[in-house]
Amino acid sequence: VVKPPRRSGLARVAVLGGTTLLILLALLGGWAAAQPTRVVVDGQTRYVPSGTTLYDLQKSGALASPKGRLVGVNGEVLLADGGFDPSVRRNGEPCTISQRLFPGDVIESRPGTDRRESVILTDVPLPYRTRYEGNGPLTEMKTLGAPGVARQTRGLVSGFEITSTVLTKPTDTVIVRSRPSGKVVALTFDDGPWPGQTDKILDVLAEEQVPATFFMVGKYASRYPGLARRVAREGHDVGSHSWSHPAFRELKAKAIRREINRGRQAVEKATGHRTAWIRPPYGSMDPLAWEQVRELKVHAVLWDVDSRDWSKPGVRRIEKTVMRQVRPGSVILFHDGGGKRAQTIRALPQVIKSLRKKGYQFVTVDELYQLKADAKSQKKAKAAESKQSKDS
Ligand SMILES: [Zn+2]
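The notes below deal with the structure included here. (Residues numbered from 1 in each chain as written. Predicted model: local features only at pLDDT ≥ 70, side-chain atom pairs only at ≥ 80, totals over all residues. Heavy atoms only, no water.)

1. Overview of the overall build of the chain
No. 1: Tallying secondary structure elements over the chain gives ten helices and 22 strands in all.
No. 2: Its C-alpha atoms give the chain a radius of gyration of 45 Å, clearly above 21 Å, the size a compact globule of 392 residues would have.
No. 3: In terms of overall dimensions, the chain has C-alpha extents of about 150 × 60 × 60 Å along its principal axes.
No. 4: For the chain, the accessible area works out to roughly 22400 Å², and carbon and sulfur atoms hold 54% of it. (Helix = DSSP H or I, 4+ residues; strand = E, 2+ residues; numbered from the N terminus. Rg over C-alpha atoms; globule rule 2.2 N^0.38 Å. Areas by Shrake-Rupley, 256 points an atom, 1.4 Å probe, with all protein chains shown as cover.)

2. Examining the coordination of the zinc ion
No. 1: Listed as protein donors to the zinc ion are Asp191 (OD), His241 (NE2) and His245 (NE2); their distances from the metal cover 2.1 Å.
No. 2: Read from N- to C-terminus, the donor residues coordinating the zinc ion fall into the pattern D-x49-H-x3-H. For the pair formed by His241 and His245, the shared burial category is buried. (Donors = N, O, S within 2.8 Å, 3.2 Å for Na, K, Ca; no water. Buried < 20%, exposed > 50% of the residue type's maximum accessible area, 1.4 Å probe, protein only.)

3. Things to note about the sheet that holds strand 9 (residues 119-126)
Sheet strands line up and pair through hydrogen bonds in the backbone, either parallel or antiparallel.
No. 1: Strand order in the open sheet formed by three strands is 9-12-13, with antiparallel pairing between adjacent strands. Looking at which strands have only one partner, the edges of the open sheet turn out to be strand 9 and strand 13 (161-168). Looking at each pair of strands side by side, their axes are set apart by 25° on average, direction ignored.
No. 2: By the bridge criterion, six bridges tie strand 12 (residues 148-155) to strand 13 in an arrangement that is antiparallel. Note on strand 13: the bridge partner recorded for Arg154 is Glu161. (Pairing = 2+ DSSP bridges. Axes fitted to C-alpha atoms, helices over the stretch in contact; angles between N-to-C directions.)

4. Quick word on the sheet that holds strand 1 (residues 37-41)
No. 1: The strand order 2-1-7-5-6 describes an open sheet built from five strands, whose pairing is mixed. Edge strands, defined here as strands with exactly one partner in the open sheet, are strand 2 (44-48) and strand 6 (93-94).

5. So, the environment of Thr188
No. 1: Within the secondary structure layout, Thr188 lies in strand 15 (residues 184-190).
No. 2: Between the C-alpha atom of Thr188 and that of Asp336, which follows or precedes it by 148 residues, the distance is 9.3 Å.
No. 3: Setting aside chain neighbours within four positions, we find Thr188 in contact with Thr213, Phe215, Arg279, Val331, Ile332, Leu333, Phe334 and Val365.
No. 4: Here Ile332 takes part through its backbone oxygen, which lies 2.6 Å from a polar atom of the side chain of Thr188. (Contact = heavy atoms within 4.5 Å. Polar contact = N/O pair within 3.5 Å; in protein donor to acceptor, adjacent residues only side chain to side chain.)

6. Quick word on the nonpolar core
No. 1: Ranked by internal contacts, the top residues of the largest apolar core, which has 32 residues, are Leu187, Phe189, Leu205, Phe214, Ile332 and Leu355.
No. 2: At the level of secondary structure, the elements contributing two or more residues to this core comprise strand 15, helix 3 (198-208), strand 16 (213-216), helix 5 (225-233), helix 6 (253-271), helix 8 (315-325), strand 21 (330-335) and helix 9 (342-357).
No. 3: Residue contributions to this core peak at six residues, all from helix 9.
No. 4: When residues no more than four places from it in sequence are discounted, the contact partners of Phe189 are Ile201, Leu205, Ala212, Thr213, Phe214, Phe215, Phe334, His335, Asp336, Thr344 and Leu348.
No. 5: Grouped together as the second largest cluster of nonpolar side chains are 13 residues, Ile256, Leu296, Val298 and Leu302 included. (Core = buried A, V, L, I, M, F, W, Y, C linked by side-chain atoms within 4.5 Å.)

7. A word on a positive patch on the surface
No. 1: Where like charges cluster on the molecular surface, the positive patch consists of Lys183, Lys353, Lys357 and Lys358.
No. 2: Using a relative accessible area of 62% as the deciding quantity, one classes Lys353 as exposed. (Patch = residues over 30% accessible without salt bridge, like charges linked within 9 Å, V, L, I, M, F, W, Y side chains within 5 Å. Salt bridge = Lys/Arg side-chain N within 4 Å of Asp/Glu carboxyl O. Lys, Arg positive; Asp, Glu negative; His and termini not counted. Charge placed at Lys NZ, Arg CZ, Asp CG, Glu CD.)

In structure tokens:
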């Protein structure tokens, strides 16, 4: 059996002393650590807790220099402190923000640099319009339009547009407005059938033996089918003026198609006549409306002479307005419905008389299109003939 060596009294004192020393040292260390560190920040002496980093210093607002600013693409300041942190030098050397401070450090800050906002790219459609060639009442689509595309560069925060680059140019819808040659005119009546007015106009036309074209509002044609039928029976041409008379410009594609189809069906049902003529209410057409007209294979019939009878300017004035604008192949706009048309009814015999005096013949819209088609085919035949004679 080996007995553990007995500790001498001296050794015991040494162990005790060592432990005490360690405790004292630890206490001293703690005391030292708790002592504030004396540093100079931007020329000012400060005492900061031991272990303080430059980051803490900046957060506490001790640095004299501010952060940079966030600047928009247009130069406007979006955020005063939205830029980069101030740059800091310790004892004349550049240093990182996570470093601890030591007693006696001299810190100098410089303002942070500005940050420029990010940009965002967006592709936006470029609108297309309707362009008309000529000013005749008969219409035909020459070019189907399409929107273009532009790429916009904008500030992400400010939304400010810096550049816009056209990727694809828009194509305008091109409508050719033509008229046949020859001393003919077409009288047209909108907004009926209207009891007490359409019948009176029919009486005048019968008396004068003049054919005309009636663009009927679908819901009135189905409300007054007898009157609508009389129009067709007396040899006049019929067309549709939509179902309920909205401005096509304000409608979506589907609604335009519904107005055209329903209006046309109502007129056809009431009169027993098929029709491909649609007169847009208010003449209101935009590229979208022209597209629907094309897809539904109908013809939009406009006018080149507005009698302005709807403004009730007086019988003489209506007649004068017509005679001032009329030319061969004109389509003249009157109204048999949509309000009181007593002036129209009274002006009509005088208008007819004046037009006759000038040598005009009266035709329907159908005949106008026919005349135009004939002229076209004659022109073609002539061209072919001259080519043949050249060849032989
Ligand atoms: Zn109308």
